[in-house]
Every structure is written in C-alpha cells, then in structure tokens.
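What follows is the residue order along each chain.
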Amino acid sequence: MDRGHYRILVGMAAGVGKTFRMLEEGRQAQQHGRDVVIGYLEPHDRPETAALADGLEVVPRLRTSHGELDLDEMDLDAVIERRPELALVDELAHTDAASTRNDKRYQDIDEILDAGIDVVSTVNIQHLESLNDAIFELTGVRVRETFPDRILEDADEVVLVDLSPEQLQERLREGKIYPKERAEVALQNFFRQDNLGALRELVLRELAEDVEARRQPASLEPLSKQAVGERILALIEPQPKSQRILRRAWRSAQRLNAEIDALWVRPAHYEPSEEETTQLAALRRLASILGIHFLEADGHDLVEAVRTAAADRGSTYIFLGTPDERRRTEILRGSLLSRMVRELPGLDIRVVADRAKKEVPE
Amino acid sequence: MSVVTFWRHRRPRSASGRRVLVPFTAGELDPIVLDAAIRVARAEDATLVPAYLIVTPLEYKLDAPMQQQVAVAVPLLEAVEHAALRAGVPVDARVETGRTPTHALQRLWEAERFDRIVAPAPGGRGSHGFAPKELQWILVHAPSETLILRPDPTLARGARLARELEAVA
C-alpha cells in the first residue's frame, strides 16, 4: 500500500490562519469529489473556524481521563478504520494523553499515512525541536511541546501560512484569536511586535532552507546539478588570512546575490593546535555574523573534498587563498590550482591574494 | 604526500607571537588611533587585531547575521588591514557581536588572548571612540595592559578614515 501524501501548514504563531486554511483545503478537496474527514480539530472557540468545519465529516473524538480530568484526543483507530482519502489533523506537535498508544500526535499521523490516507496538518514554528533554544532566547518562553525536524523534512509539502505582525495583532485586538480580555495580556507578552517579527523571520528562513533542501533531485549527477543562482564555496584554513577570504567572499556574494558556504577540510586524524582552534572559533563567529554556512570535512585530498562539498551544496564559485605549495608536491601531483581547474569543471575559481606577501614595509 | 599537508603551511605570525587588540565600533576608527596602534604593534613585533564590535539588538540571537552592520564593518576592516600591512604589521582582523560594545569586547577577550589593548576615547567633533563609562569598564576588566588614546580634538572626524584609507587601498 502506498503511503499517504503529507502536507503541513506552518505558521509563526497562533492565529495566522493555519486551521482555517486546513479546513478550506478540506472543503475544496471535498468539492472535487474526495472523501474528506476531520480527524482532529482545535476550534479554539473561533466562530469563523467552526463555521468552515460545518459540512465536513468529523470522526468522533476519543474521550480519555487523566486523574479527574477528562481529555479529548483524536481517535486514531477510528480514523484509520474509516479509511477516508484525506484526513485533516490539527496541531501535530500536540502531546497525547497518557492512556493513548502514542506519545505525540505526529506519531498518530505517521500511522494514518502508513494506512495510505493523505493528511493535511498544522503546526507553529516554535514547536520545531532545533529552534527550541532560539525561540526561548527570542521570546523568553520555553516551548515544551516539540516535534523533531525530520517531520518537516519527510513531509511531501510544507506550506507557509503567513500574516504580517501588524495584521496578526489586529486580529488579536478584534478578539479573533483569544477572548478580548486575554488579548491585551497576549499583546504585551508573546504577541509583541518584535517577538512576532523575529518569529516570522525564523519561519521564513526555516522554510527557505527546506525549499533549498528539496530543490535538488537525488538522481542527478552531483556536479551537473543546476543552480538557481550563484553559490560560493570559500575554502578556509585556521589562519588569519581566512578572515579575509570570508570577507572577500561576502563582498562578492553581495554583488552576485549568492549564498556562501565556508569549508575547512581537516586532514584525517588531524588535531588542531590551540592557536588553530582559536582561529577556527573566530572564523565560525565571523561566518555566523556574515550569514555564511560553516562546513567541515575530513579528508586527505583537498580537491576531492571540495568536489564533494560543491556537489552537495550546488556551488558555482570557489574562493580560496593563495596556496602555499611546496615544489616537490607540485612536481608529484601537479599544482593545487591546476588540479582544481582540471577536476572541478563548471566551477569558477577565484584566488584571493595574500596581501601580507604584497605589502612592502614603509 | 597529501594535498592537504602542503596547505597546512607555516603560520604568518609575528616573531614575538604578541597580539595588540584595537577595538572600534559605529563605523569609524580614528586614523590617529589606528596609526598609534600600528606603531605599538610594530614596536612590539606583534600582530595587530583590529576588531569591529557590532551591537546586536535583543530581538536577534547574538550570532544572527547582521547584514547592515557588516556592510559597514567589512570595507572598514579591509582598509585597516591594508594600512597595517603597508606598515609591515601582520593583521588578524575580527568582527565580534554583543549586546553592548563592552559585552562584545568581553566575548572577544574571553575567546582569545591579547597582550595589549588600544582603546580609542572620544575625540573632537563627533568622534565615536568608547564612551567614558565604557573606557572605565575596559580599564577595570581588561585582561591585559590597556592604552587609552584620545585623538587630537581639533581634527575633523566622521567617515574620514574610511575615505582616506580607501583612497590608498
């Protein structure tokens, strides 16, 4: 049986319209003759959302209890037994009640997909596991319900449901997200404009990276990958001159509107000295500030390592410092630059001059 | 012999291994301060470490990309590096971030060793050296000998350094 198609609607915060969009998509699918059910819906007491759910079949919830508390969960077995073509399941990061067989709702969704049922689900970006610390630093809120990054990576489609911070605040003031008495408190806390702006930037960046990861079909010969734009690969070493290589690469990237990767090829079994470790840390910091992706690869053969990295990243442009080659190596293997030109066809190569060798003391 | 082996070449270091830090911020470094820092580094046979300090607003992570500030820092560092190398002084430039200039400085010297720090004080006509409170903090917390330089208050400031150094670059 083929696994179902998984589509995730991602937003920066509650209230951007993910559930609304999910229901809209469900209704459209139904109008096109598909068999659609609501597996689980969080109406959040929002009348517009409830109205949109009207007319869609709802699989009754499973009533469980936790101590004296009654809890409603998605009835996973009932959804699978019902065998719709498409199930709408809200809030994939939700933690299931202890008495159910899975810990998290995304695990329930996994079972539904395995049963060959398509799923549309929703989630807010703050639940993404790898962003947990960043979210805490940005908002001061430690999110407890998280989901692993592989869920987004494995989904067939990830769709951004976007709203500007101003529009979201407006919806909040109008009582469309929370009751009005809660809205004012929310506006002073999580829904502050700076918070929302930062969250929006995070979700946009995360999805841009997801798009980038999905861009290249695996079947293509690595070096024949078609780049959408320029992408620079800067080769660095734990030396002061590499700071300049990164800066030069950054300046070129501004003109080319290119992404940059920095690559350090660490010789196998090589342990950097204390000084080199410091240099590497400084290079990492600079890379981070410049928005450069820092890569590290092990290997004895620099050209081969560059070839692999360039293929993985879709690089179009190599930046490197002046190689300090010994004559004997040049004779034995040909110069590094000659090898690069010969063995990395289709890549532009730029050598960044070492000014320390050019400048003459006054 | 592997290709990587020959890439791991001799380190272009100053003979003494000493490092002179000259931190600056807000898009300028007074040419007189730079000149003094270069002379100190040359006299001590040290590597000059010009460090551009970026203040990162609280809503961003400390290591978040800061395109606008970097756009100022990068050409300035290039110019400073050029001036130092012309004087025969090895350079190992840095960009560091922090919530305040002194926070950035602290992060820098917690990560690296410096033998001397040359800190610019405010000069005349709007020069952007460290504020008196920051200089006081530097004097109290700096891990090494610190030299506070107050440029000639009668000289014009602003972006003059960048213009002058770009002209010779």
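Here, the structure is the one placed above.
Let us look at the structure shown here. The structure displayed is predicted, hence computed values, not measured ones. (Residues numbered from 1 in each chain as written. Chains lettered and ligands numbered in written order. Predicted model: local features only at pLDDT ≥ 70, side-chain atom pairs only at ≥ 80, totals over all residues.)

**Structural notes on the overall build of chain B**
Within chain B one finds six helices and five strands. Listing every helix and strand of chain B by position from the N terminus yields α-β-α-β-α-β-α-β-α-β-α. The buried share among the 169 residues of chain B stands at 43%. A fraction of 81% describes how many contacts in chain B between residues 6 or more apart in sequence connect residues 24 or more apart. (Helix = DSSP H or I, 4+ residues; strand = E, 2+ residues; numbered from the N terminus. Buried ≥ 20, exposed ≤ 12 C-beta atoms within 10 Å, placed from the backbone. Contact = placed C-beta atoms within 7 Å.)

**Remarks on the packing of helix H7 (residues 165-173) of chain A against helix H8 (residues 180-188) of chain A**
The geometry of a pair of packed helices is captured by two quantities: the angle between their axes and the separation between those axes. Residue and element names in this part refer to chain A. Direction vectors running N to C along H7 and H8 enclose 150°, while the axes themselves pass 8 Å from each other. In terms of axis orientation, H7 runs roughly antiparallel to H8. Facing H7, whose interface residues are Gln 169, Leu 172 and Arg 173, H8 presents Ala 183, Ala 186 and Leu 187. Tallied by class, the residues present in the contact of H7 with H8 amount to four nonpolar, one polar and one charged. (Axes fitted to C-alpha atoms, helices over the stretch in contact; angles between N-to-C directions. Parallel < 35°, antiparallel > 145°, perpendicular 65-115°, else oblique. Nonpolar A, V, L, I, M, F, W, Y, C, P; charged D, E, K, R; others polar.)

**Here we look at the nonpolar core**
As a rule of thumb, nonpolar side chains are buried together in soluble globular proteins. By size, the foremost hydrophobic cluster in this structure holds 77 residues, and its most contacted members are Leu233(A), Ala234(A), Leu246(A), Val306(A), Phe319(A) and Leu48(B). Looking at this core, the element that brings in the most residues is helix H3 (residues 67-86) of chain B, giving ten residues. Among residues more than four places away in sequence, those in contact with Leu48(B) are Val20(B), Val22(B), Ala37(B), Ile38(B), Ala41(B), Ala84(B), Val89(B) and Val91(B). Leu9(A), Val37(A), Leu168(A) and Leu196(A) belong to the second largest nonpolar core, which has 51 residues in total. (Core = buried A, V, L, I, M, F, W, Y, C linked by C-beta atoms within 7 Å.)

**What about the sheet that holds strand E11 (residues 293-298) of chain A?**
All names here are of chain A. Read from one edge of the open sheet, five strands run E11-E10-E9-E12-E13, paired in parallel fashion. Looking at strand neighbours, the two that pair on one side only are E11 and strand E13 (348-352), the edges of this open sheet. The mean angle between the axes of side-by-side strands here comes to 25°, regardless of whether they run parallel or antiparallel. Relative to E13, strand E12 (residues 317-321) is paired through five bridges, and the arrangement is parallel. (Pairing = 2+ DSSP bridges.)

**Quick word on the environment of Asp75(A)**
Residue and element names in this part refer to chain A. Structurally, the position occupied by Asp 75 is in the loop between strand E5 (69-73) and helix H3 (76-82). Residues Asp 75 and Thr 100, spaced 25 residues apart in sequence, show a C-alpha to C-alpha distance of 9.1 Å. Setting aside residues no more than four positions away along its own chain, Asp 75 makes contact with Val 59, Pro 60, Arg 61 and Leu 62.

**Observations regarding unusual backbone geometry**
Trans peptide bonds make up most of the peptide bonds, and negative phi angles are found at most residues other than glycine. Residue and element names in this part refer to chain A. Unusually for a residue other than glycine, Arg 83 sits at a positive phi of about 50°. As for its placement among the helices and strands, Arg 83 is situated in the loop between H3 and strand E6 (86-89). The exposure class assigned to Arg 83 is exposed, which follows from the 12 C-beta atoms found within 10 Å. Non-glycine residue Glu 91 carries a positive phi angle of around 55°. Its place among the elements puts Glu 91 in the loop between E6 and helix H4 (105-114). On the basis of neighbour counts, which here come to 22 C-beta atoms within 10 Å, the residue Glu 91 falls in the buried class.

**Comments concerning the sheet that holds strand E7 (residues 118-124) of chain A**
Residues and elements named next belong to chain A. Within the open sheet, the six strands sit side by side as E3-E2-E6-E7-E1-E8. Their pairing is parallel. Because the sheet does not close on itself, it has two edges, and the strands there are strand E3 (57-58) and strand E8 (157-160). Pairing analysis gives four bridges linking strand E1 (residues 6-11) to E8, with the strands arranged parallel. Bridge assignment links Arg 7 to a residue of E8, and that residue is Glu 157. Sitting on the sheet, helix H1 (residues 18-31) touches E1, strand E2 (36-40), E6 and E7, and the angle it makes with E7 is about 165°.

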